[in-house]
Amino acid sequence: MESLPIATVGRILKKSGAPRTTMDAKVALSKVLTEEGEEIAKEALAISKHAGRRTVQASDIELAVELRG
């Protein structure tokens with residue numbers, strides 16, 4: 001499992017209002033976002049297959065996120 005780049009996660013944290021974060025916090029968020037993203041992608045793939053498509057569309061991603069609650 002490849003995770004999100006730490007610099008990208010750092011920018012996400014900064015945009016959310018965190019003026020400073022530790023490397024451990026960035027690594028932890030990267031891991032969580034990667035795991036959640038993979039689960040959403042799997043669900044979106046199942047949705048596209050159910051619709052008879054081989055291509056995952058943005059609407060599949062949005063529906064997968066919505067279904068996760």
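Definitions and limits used
Residues numbered from 1 in each chain as written. Predicted model: local features only at pLDDT ≥ 70, side-chain atom pairs only at ≥ 80, totals over all residues. Heavy atoms only, no water. Buried < 20%, exposed > 50% of the residue type's maximum accessible area, 1.4 Å probe, protein only. Helix = DSSP H or I, 4+ residues; strand = E, 2+ residues; numbered from the N terminus. Arc of directions from axis to C-beta. Contact = heavy atoms within 4.5 Å. Polar contact = N/O pair within 3.5 Å; in protein donor to acceptor, adjacent residues only side chain to side chain.

A word on helix α1 (residues 6-15)
Of all the positions in α1, only Val 9, Gly 10 and Leu 13 are classed as buried. For α1, the angular spread of buried residues about the axis comes to 105 degrees, placing them on one side. With respect to the buried face of α1, the exposed residues turned more than 90 degrees away are Lys 14 and Lys 15. Buried residues in α1 make contact with α2 (23-50). Phi turns positive one or two residues past the end of α1, at Gly 17, with a value near 110 degrees.

Notes on the side chain of Thr 34
Note on placement: Thr 34 falls in helix α2. Residue class for Thr 34 comes out buried when judged on its relative accessible area of 7%. Looking at Thr 34, its side chain comes within polar contact range of the main-chain nitrogen of Leu 4, at 3.2 Å.

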